[in-house]
Amino acid sequence: MPPSPPSPVPAVVLVSGSGSILQALIDACDDPEYGVTIAAVGSDRPGVGGLVRAQGAGIPTFVCSPGDFPDRGQWDGALEAEVSRHLRQTPPDQPRWVVTAGFMRLLGTAVLGACSVLNTHPALLPSFPGTRAVADALAHGVKVTGATVHLVDEGTDTGPIVAQRAVPVRPDDDEGSLHERIKVVERDLLVRTVRRVLTRGYETHDRKVLLA
Ligand code: GRF
């Protein structure tokens, strides 16, 4: 008998919006060769498109809204409990993986202490961190912007950079047109980077991420 293929690496994906980048991950995970499976999709708000996409794909979902908790620390703890519940099949010697794909909140110490987190950001970090990245890049007049996949730490888009790809800005771009072209790149970059990092691993030396 040939050896059975390794089990796919489970990941929880967190979203706050329409979830088009989540959809790219869902589609990638349909291929058993991809090596990653989405154990659950969580959101900080109910009813968003990303949750609907996950439900349509038969993926478990959960909502953990800061407004339902007396303070940020308790929200962070509840989110960590949800994430860990869905990742309990992760082998004890492996990281528990979370992917944030348009999740518009800073994660707290409970989640970051329990999990390794990859985020996609619609700019070439360290330029234009935060939630207005595309508008800020346009307003600054840059000719090239792009997409970054990075490891998440407690700062706002400050974690070590794993992968980046450039997107030229066109003279007639507005925020919507530019963001849409960046998202095309984000989908491909995140799908490739999630596979590489979760299935093959990485090392960090100071801030430099070396992929295995
Ligand atoms: C992406 O550009 C992500 O980087 C940003 O929010 C967007 C999410 O898009 N933070 P979608 O909801 O996946 O379409």
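Use the structure listed above.
Everything in this summary refers to the structure shown in the same document. (Residues numbered from 1 in each chain as written. Predicted model: local features only at pLDDT ≥ 70, side-chain atom pairs only at ≥ 80, totals over all residues. Heavy atoms only, no water.)

**Focus: the side chain of Asp 173**
Stage number 1. Relative to the assigned elements, Asp 173 resides in the loop between strand E7 (161-168) and helix H6 (175-200).
Stage number 2. Exposure remark for Asp 173: the relative accessible area of 12% places this residue in the buried category.
Stage number 3. A polar contact of 2.8 Å, which involves the side chain of Asp 173, links it to the backbone nitrogen of Arg 170.
Stage number 4. Apart from residues no more than four positions distant in its own chain, Asp 173 is found in contact with Leu 138, Pro 168, Leu 178 and Arg 181. (Helix = DSSP H or I, 4+ residues; strand = E, 2+ residues; numbered from the N terminus. Buried < 20%, exposed > 50% of the residue type's maximum accessible area, 1.4 Å probe, protein only. Polar contact = N/O pair within 3.5 Å; in protein donor to acceptor, adjacent residues only side chain to side chain. Contact = heavy atoms within 4.5 Å.)

**Considering the nonpolar core**
Stage number 1. Counting 44 residues, the largest nonpolar core has Val 13, Leu 25, Val 41, Leu 118 and Val 194 as its most contacted members.
Stage number 2. Looking at which element gives the most residues to this core, the answer is H6, with nine residues.
Stage number 3. Not counting residues up to four positions away in its chain, the partners in contact with Leu 118 are Trp 97, Val 98, Val 99, Thr 100, Val 149, His 150, Leu 151, Val 152, Val 162, Val 194, Val 197 and Leu 198.
Stage number 4. Membership of the second largest hydrophobic core comes to 17 residues, among which are Val 12, Val 83, Val 111 and Cys 115. (Core = buried A, V, L, I, M, F, W, Y, C linked by side-chain atoms within 4.5 Å.)

**Topic: the pattern of salt bridges**
Stage number 1. A complete count under the given rule lists eight salt bridges for this structure.
Stage number 2. Measuring nitrogen to oxygen at the nearest pair gives 2.9 Å for the salt bridge that ties Asp 188 to Arg 165. Of this pair, Asp 188 sits in helix H6 while Arg 165 is found in strand E7, placing the two residues 23 residues apart along the sequence.
Stage number 3. Among the residues examined, Asp 188 registers a relative accessible area of 29% and is labelled partly exposed.
Stage number 4. One continuous salt-bridge network, built from bridges that share partners, spans Asp 44, Arg 45 and Arg 105. (Salt bridge = Lys/Arg side-chain N within 4 Å of Asp/Glu carboxyl O.)

**Observations concerning the site of the ligand**
Stage number 1. Around the ligand, the structure places 13 residues, and the nearest of them are Ser 20, Ile 21, His 179, Lys 183 and Glu 186.
Stage number 2. One nitrogen or oxygen atom from the side chain of Glu 186 is found 2.5 Å from an oxygen atom belonging to the ligand.
Stage number 3. Protein contacts shield 91% of the accessible area of the ligand, which totals 370 Å² for the unbound molecule.
Stage number 4. Among the elements that take part in the shell around the ligand, H6 stands out by supplying three residues, more than any other.
Stage number 5. Counted by class, the shell around the ligand contains three nonpolar, eight polar and two charged residues. (Near = heavy atom within 4 Å. Areas by Shrake-Rupley, 256 points an atom, 1.4 Å probe, with all protein chains shown as cover. Nonpolar A, V, L, I, M, F, W, Y, C, P; charged D, E, K, R; others polar.)

**Side note on the sheet that holds strand E5 (residues 116-121)**
Stage number 1. Read from one edge to the other, the open sheet built from seven strands follows the order E3-E2-E1-E4-E5-E6-E7, with strand pairing classed as mixed. Two strands close off the open sheet at either side, each with one partner strand: strand E3 (61-63) and E7. Pairwise comparison of adjacent strand axes, ignoring direction, gives a mean angle of 20 degrees for this sheet.
Stage number 2. Where strand E6 (residues 144-151) lies against E7, seven bridges are found, and the strand directions are antiparallel. (Pairing = 2+ DSSP bridges. Axes fitted to C-alpha atoms, helices over the stretch in contact; angles between N-to-C directions.)

**Comments concerning helix H5 (residues 133-140)**
Stage number 1. Buried within H5 we find Ala 133, Val 134, Ala 135 and Ala 137.
Stage number 2. On its buried side, H5 packs onto E5, E6 and H6.
Stage number 3. One or two positions beyond H5, positive phi appears at Gly 141, with a value near 85 degrees.

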